[in-house]
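# Analysis of the macromolecular model
Listed here are the chains, written in short residue letters.
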Amino acid sequence: MNIRKVSVIGAGQMGSGIAQVAAQAGCEVTLLDTKVEFVEKGLANIQKNLTRSVEKGKLSEQDKQSILDRITTTTEMKQACEEVDLMIEAVIENMEVKTEVFRQLDQYCPAHTILASNTSSLPITEIAAVTKRPEQVIGMHFMNPVPVMKLVEVIRGLATSDKVYQAVEQLAREMGKNPVEVNDYPGFVANRVLMPMINEAIYAVYEGVATPQAVDDVMKMGMNHPMGPLTLADFIGLDTCLYIMETLYEGFGDSKYRPCPLLRKYVKAGWLGRKSGRGFYSYE
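Rules used throughout
- The written sequence of each chain sets the order in which its residues are numbered from 1.
- The predicted nature of this model means local features are confined to residues of pLDDT at least 70 and side-chain atom pairs, given and counted, to a pLDDT of 80 or more, with totals for whole chains, interfaces and linings taken over all residues.
- The basis for the side-chain values is all heavy atoms of the structure; hydrogens and waters are excluded.
- UniProt positions are given in the numbering used here, feature names are shortened, and annotations may be inferred rather than shown by experiment.
- Working definition of a nonpolar core: buried Ala, Val, Leu, Ile, Met, Phe, Trp, Tyr and Cys residues. They are joined through side-chain atoms within 4.5 Å.
- We call a residue buried when its accessible area falls under 20% of the maximum for its residue type, exposed when it is over 50%, and partly exposed in between, using a 1.4 Å probe and counting protein chains only.
- Helical segments are the DSSP runs of H or I of at least four residues, strand segments are the runs of E of at least two, and each set is numbered from the N terminus.
- Contacts are assigned to residue pairs that have any heavy atoms within 4.5 Å of one another.
- Seen with its strands pointing away from the viewer, a crossover is right-handed if its path from the first strand over the helix to the second goes clockwise.
- In this analysis, the protein atoms alone were mapped onto a 1 Å grid. Cavities are point sets where a 1.4 Å probe fits without being able to get out; pockets are open sets with protein on both sides within 12 Å along at least five of seven lines; lining residues have an atom within 4 Å of a point.

Under an unreviewed UniProt entry, the chain has the name 3-hydroxybutyryl-CoA dehydrogenase and belongs to Hazenella coriacea. We quote the UniProt Sequence similarities (unreviewed entry) comment for the chain here in full: "Belongs to the 3-hydroxyacyl-CoA dehydrogenase family." In its Pathway (unreviewed entry) section, UniProt records this for the chain: "Lipid metabolism; butanoate metabolism."

## Some details on the nonpolar core
With 38 residues, the main nonpolar core has Val-6, Val-29, Leu-86, Ile-114, Ile-138, Met-140 and Phe-142 as its most contacted residues. Ranked by the residues each element gives to this core, the list is headed by helix 1 (residues 13-24), at six residues. Not counting residues up to four positions away in its chain, the partners in contact with Phe-142 are Met-14, Ile-18, Val-21, Asn-118, Leu-151, Val-152, Met-175 and Lys-177. Listed in part, the 23 residues of the second largest apolar core include Ala-201, Leu-242, Tyr-257 and Tyr-266.

## Side note on the pairing of strand 4 (residues 86-89)
What you see with strand 4 is no split at all: Leu-86 and Ile-88 on one side and Met-87 and Glu-89 on the other are buried throughout. Once you follow strand 4 into helix 5 (residues 95-108) and on to strand 5 (residues 114-117), the crossover reads as right-handed.

## Considerations on the UniProt feature "binding site: NAD(+)" (unreviewed entry) in the chain
Per the UniProt entry, the sites bearing "binding site: NAD(+)" (unreviewed entry) are Gly-10, Ala-11, Gly-12, Gln-13, Met-14, Gly-15, Asp-33, Glu-93, Lys-98, Ser-120, Asn-144 and Lys-275 in this numbering. Those annotated residues that line the largest pocket are Gly-10, Ala-11, Gly-12, Gln-13, Met-14, Gly-15, Asp-33, Glu-93, Lys-98, Ser-120, Asn-144 and Lys-275. Inspection of the secondary structure puts Gly-15 in helix 1. For Gly-15, a relative accessible area of 1% puts it in the buried group. Beyond its immediate sequence surroundings of up to four residues, Gly-15 is in contact with Val-8, Gly-10, Leu-31 and Ala-90.

The following block contains the structure:
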């Protein structure tokens, strides 16, 4: 299966990044969101990233323009679904929202279209179950920032076919990514390992073991992490961290995945990290 036409639903940081790397791989890309200002902001992010690459000498001005010419934007789902080979969903990490999106995609997309989710923790099998093509539903979990990070977790649902997996794996390589096959369990691999570490770092602050800066310093200087876990949590978004921890806790029923009360308190206070101006650190 040759994937040449790709649509991405959700023009936020992840969705615009996915659209960029798909266009860089030579695909014709449609970027879809619910409002014109959302897709315009997503396209502006892509332009900024490409301009930075030109300034660093990694890309020519001509190549930049060719990539941008391969990207179109729309707010109409039916338009985004026309003749598309692969549809990648990158909306909010919420099962109700995602399953409603997949019901619509199943209705509007051609019979051959592969439906992929960029979910970071939710079960692909459950998402696939709302469609009439579960064998064509797969997970493509990109890392943030998408243009920079090499990993893509490729997650098979219970019914995902080998043909679909191979097509998605090949496209990921064409995007310059390193695809890693992962089975369908809560959090997959990346967040099943990462989020409990972040949660434990939050517990260390909650219990008065050390300040956020001290916790981050220990992990950076002692464990050679490029970024401390609490700085990373602020970057990801504390609301997203909480949602993933709740998914792990619900999925496994194991107390080791219980979200730290301090994480819940910060999210309820609206301290979500970088995007809100305050989390474990202040960004105002």
